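Structure at a glance
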Amino acid sequence: MRTMVAKAVVLLAVALTFTTGRAVAQQPERDSIPTDVRVGILYQPSFRPGIVMPPISTGDELQDLADSARAIILRDLDYGDRFQVMRVGEDVPLEGPVNYGLWDQLGAVWLLVAAVEGSPASPILRLSLHDVVFKLLQDVQAFELPPVGHPDSRLALHRAADQVVAWATGSTGIAATKIAYVAEGTGGSEIYVVDSDGYGARRLSSDNTIALSPAWAPSGDRVAYMSYKGGDPAIYELSLNPGHSSLLVDLPGLDLTPAYSPDGRTLAFGSTVDGRTEIFTYDLTRRCCAERTTFARYSNSLSPTFAPDGKRIAFNSDRLGQLHIFVKDVPDGSPELVTPYIYDRSVHNAGPDWSPMGDRIAFHGWVQGTPQIFTVAPNGRGLRQLTQVGRNEDPSWAPDGRHVVFASSRDGSDGLWILDVVSGRIRRLVRGSDVRLPAWSGSLDSPSHFADESADSDVNNPQGAR
Amino acid sequence: MASMWKKNVGWLGTVAIAVVIVGCGGAPEVVPEPEPEPQVVDTRDEEAERAAREAEEARRLAAEEARRREAERNRVVSIINERVFFDFDRSDIRSDMESVLQRKVSVLREYPGITLRIEGNCDERGSNEYNLALGQRRAEAVRRYLLSYGLEAGRFTTISYGEERPLVRASNEDAWAQNRRDDFAIADYGRLDSGD
């Protein structure tokens, strides 16, 4: 019996055929690190509990939906890097009560059983997560899905996958998220958006000029960015559905690098003062009152990013003659240096992004003239280099505070890449040498709106049924 | 052959004489004296010629003036368009760029109607966002230089294109050096266009 099952079940670590990322054991290159800075670089070999999700059988017109639901959820679980996704052979007995002993023998820690019910007009996905080790039903939920072929179908499935992550680990999943970024456009550059699994990339802005620095509103339905479309560069806001752009704030001179506060009430951004750049805040609820929050004569301050409590910002400044990351209270408070000052060197640390978990700030810094991704605690401790290969720039945290997306050349494999900072696993999100300045959204969970989704939305869908 | 030709001519001559005699025999036709008009015609031609010469001269002068103006315009525009280059991650005016700026100061004094947009640019090495700020400072550095020579502030606007508008699309020292620059766009040509 045991040998038969062993033959019947194929367990493969990261065996899904569509998995693009591979575990990369990054070797430390000690000689590339300034000798007077202590930099941690090794990834911990972390245990990922095995999860198995048997095929869903409906035997009716919902079978296609069931198959794609399983494929999407399994890939999400793989990309989330919290589970080791295990593949099941076709002859595993799935009928009858859950055989915990069998799954335990196979090395699974979690068993995800799914069923698809209802009708194509209002399908329901029922997920039950079993704890194989303790032999109990961890949680169960019925997810109402949009009609088959609806543009929000994938997002609804991503949300279900994130729920599984929350049941098993108590952590935030990253499947129901999007990444905004900059890519080449007809007049320079435009803002684009893509799902967390690399699906459904589309252009959001149509400015035919230079558009840069997208930043997500916490609500996840809008992106602020800077554009030259009015001649004088200013901060605009794009709504996702439909992609409509409106002016947010335009001070004299160059306005750049917008960032929303976590409560969505304040926008921080850089703007020109006496020919240099300083950081301002702008009251989004009253639509007024730009106030300056940095005061450094003769130097630039820009690229603000809020701490999760909204009381502090990290930002980029060249006030010490080198480019560094600072942290300060808003609106008042004096800046404190976060990145190490290295005497007599060309230091270039830029693009800070404060983790939604609050404990780390990601940025890129030069290692022998080539930008690499680092993280550091907001008090300046625990500097850690995350990348080695090629140019790596402009990191942005996922809502789980564990994954970062960044622009990378990876020695020829240009694009946006996603790194799990815990395990070091890395995968490419978007291909292209022209893609840059990624910004990861928060969790997108507004499930109530799929009924009034406009029919002319240009979101792609997997079935092509529309 | 020659004798035959002479014979023919002789014969033709005889016929011609006969015709003349017959003609004299009829009413003699009065052949009118030709009008003595050449004098007047001559005067008019001369005047037209002079007018034409003068017009030609005027055209020549105008063309010369246009050429001169065109050359002057080209001189001014090329001085204005001369790029100002910067060192890596710096926005201060390099000493070897002062002569470029001095030429600009003198033509801008000469043509007070000219207004400019000063465009700061960077090489690709710094961060995309920091380069926007750096480009702004480069534009501002040149604006300040020009203002320090008493030129009117209202004649200059600044913009930064960061690393978004490279002159040379390549990743080497030469390309970077070319790309760390201020460009100059003439917004108003002043009397270079009004023609006085």
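Residues numbered from 1 in each chain as written. Chains lettered and ligands numbered in written order. Predicted model: local features only at pLDDT ≥ 70, side-chain atom pairs only at ≥ 80, totals over all residues. Heavy atoms only, no water.

Side note on the pattern of salt bridges
To be explicit about the condition: Salt bridges, as used here, are contacts in which a Lys or Arg side-chain nitrogen is within 4 Å of a carboxyl oxygen on Asp or Glu. Three labels apply to residues, based on accessible area from a 1.4 Å probe with only protein chains included: buried if under 20% of the type maximum, exposed if over 50%, partly exposed otherwise in between.
One pass over the full model with this rule turns up 36 salt bridges over all chains. For Arg 126 of chain A, the salt bridge is made with Glu 117 of chain A, and the minimal N-O distance between the two is 3.0 Å. With a relative accessible area of 30%, Glu 117 of chain A lands in the partly exposed category. Taking the shortest distance from any N to any O, the salt bridge between Arg 125 of chain B and Asp 123 of chain B comes out at 3.1 Å. Exposure class is identical for Arg 125 of chain B and Asp 123 of chain B. Each is buried. Taken together, the salt bridges that share partners define one network made up of Asp 221, Arg 222, Glu 237 and Arg 287 of chain A.

Side note on the state of the cysteines
Residue and element names in this part refer to chain A. Definition in use: Throughout, disulfides are identified as pairs of cysteine sulfur atoms within 2.5 Å of each other.
Using the criterion set out here, one finds one disulfide over all chains in the structure. The disulfide partner of Cys 288 is Cys 289, and the S-S distance across this bridge is 2.1 Å. Residues Cys 288 and Cys 289 are joined through a disulfide that is left-handed, its torsion about the S-S bond being -55°. Classification of Cys 289 by relative accessible area gives partly exposed; the value is 34%.

Overview of the side chain of Asn 121 of chain B
Residues and elements named next belong to chain B. Selection criterion: In DSSP terms, a helix is any run of H or I states spanning at least four residues, a strand is any run of E spanning at least two, and both are numbered starting from the N terminus. The definition of a polar contact used here is a pair of N or O atoms within 3.5 Å, where within protein one atom must be able to donate a hydrogen and the other to accept one, and adjacent residues in sequence count solely through side-chain atom pairs. By definition in these notes, contact holds between two residues if any of their heavy atoms fall within 4.5 Å.
Tracing the sequence through the fold places Asn 121 in the loop between strand S2 (115-120) and helix H4 (128-148). What makes Asn 121 buried here is its relative accessible area of 0%. A polar contact of 3.2 Å, which involves the side chain of Asn 121, links it to the backbone oxygen of Glu 119. With sequence-adjacent residues up to four places away left out, Asn 121 is seen in contact with Gly 135, Arg 138, Tyr 161, Gly 162, Arg 165, Asn 179, Arg 180, Arg 181, Asp 182 and Asp 183.

So, the interface of chain B and chain A
Rules: Summed over both partners, the accessible surface that disappears when two parts come together, traced with a 1.4 Å probe, is what is meant by buried area. Each residue is assigned to one class: nonpolar for Ala, Val, Leu, Ile, Met, Phe, Trp, Tyr, Cys and Pro, charged for Asp, Glu, Lys and Arg, and polar for all the others, Gly among them.
The interface of chain B with chain A comprises 19 residues on the first partner and 35 residues on the second. In total, about 2100 Å² of surface goes out of reach between chain B and chain A, with carbon and sulfur atoms giving 55% of it. By the criterion of area lost to chain A, the three top residues of chain B are Glu 129, Tyr 130 and Arg 137 of chain B, representing 30% of everything that side buries. Between chain B and chain A we count one salt bridge in total. Of the charged contacts, one joins Arg 436 of chain A and Glu 164 of chain B as a salt bridge, the two residues approaching to 2.6 Å between their closest N and O atoms. If you look at where chain B meets chain A, you find nine residue pairs in polar contact (both at pLDDT 80 or more). For the side of chain B that touches chain A, the secondary structure elements donating two or more residues are H4 and strand S3 (156-160) of chain B. In terms of residue count, H4 of chain B provides more of the side of chain B that touches chain A than any other element does, nine residues in total. A per-class count over the side of chain B that touches chain A returns six nonpolar, five polar and eight charged.

Digging into the pairing of strand S16 (residues 288-292) of chain A
Residue and element names in this part refer to chain A. Definition in use: Two strands qualify as a pair provided DSSP detects at least 2 bridges between them.
The sheet contact formed by strand S15 (residues 276-283) and S16 spans three bridges and is antiparallel. By the bridge assignment for S16, Thr 281 is matched with Glu 291. The loop that links S15 with its antiparallel partner S16 comprises four residues; one of these, Arg 287, has a positive phi angle of about 55°.

Re the nonpolar core
Residues and elements named next belong to chain A. Put simply, the rule is: Remark: nonpolar core denotes a set of buried residues (Ala, Val, Leu, Ile, Met, Phe, Trp, Tyr, Cys) joined through side-chain atoms within 4.5 Å.
Counting residues in hydrophobic clusters, the biggest one holds 44 residues, and the most contacted among them are Met 226, Tyr 228, Ile 235, Leu 248, Val 249, Leu 267 and Phe 269. When neighbours within four sequence positions are excluded, Val 249 is seen to be in contact with Ala 234, Ile 235, Asp 255, Leu 267, Phe 269 and Tyr 282. Membership of the second largest hydrophobic core comes to 32 residues, among which are Leu 65, Ala 66, Val 109 and Phe 143.

Remarks on the sheet that holds strand S7 (residues 188-195) of chain A
Residues and elements named next belong to chain A. Strand order in the open sheet formed by four strands is S8-S7-S6-S29, and the pairing between neighbours is antiparallel. The open sheet terminates on both sides in strands that have one partner only, identified here as strand S8 (202-203) and strand S29 (436-440). Bridge count between S7 and S8: two bridges; the pairing is antiparallel. What sits directly across from Tyr 192, in S8, is Arg 203.

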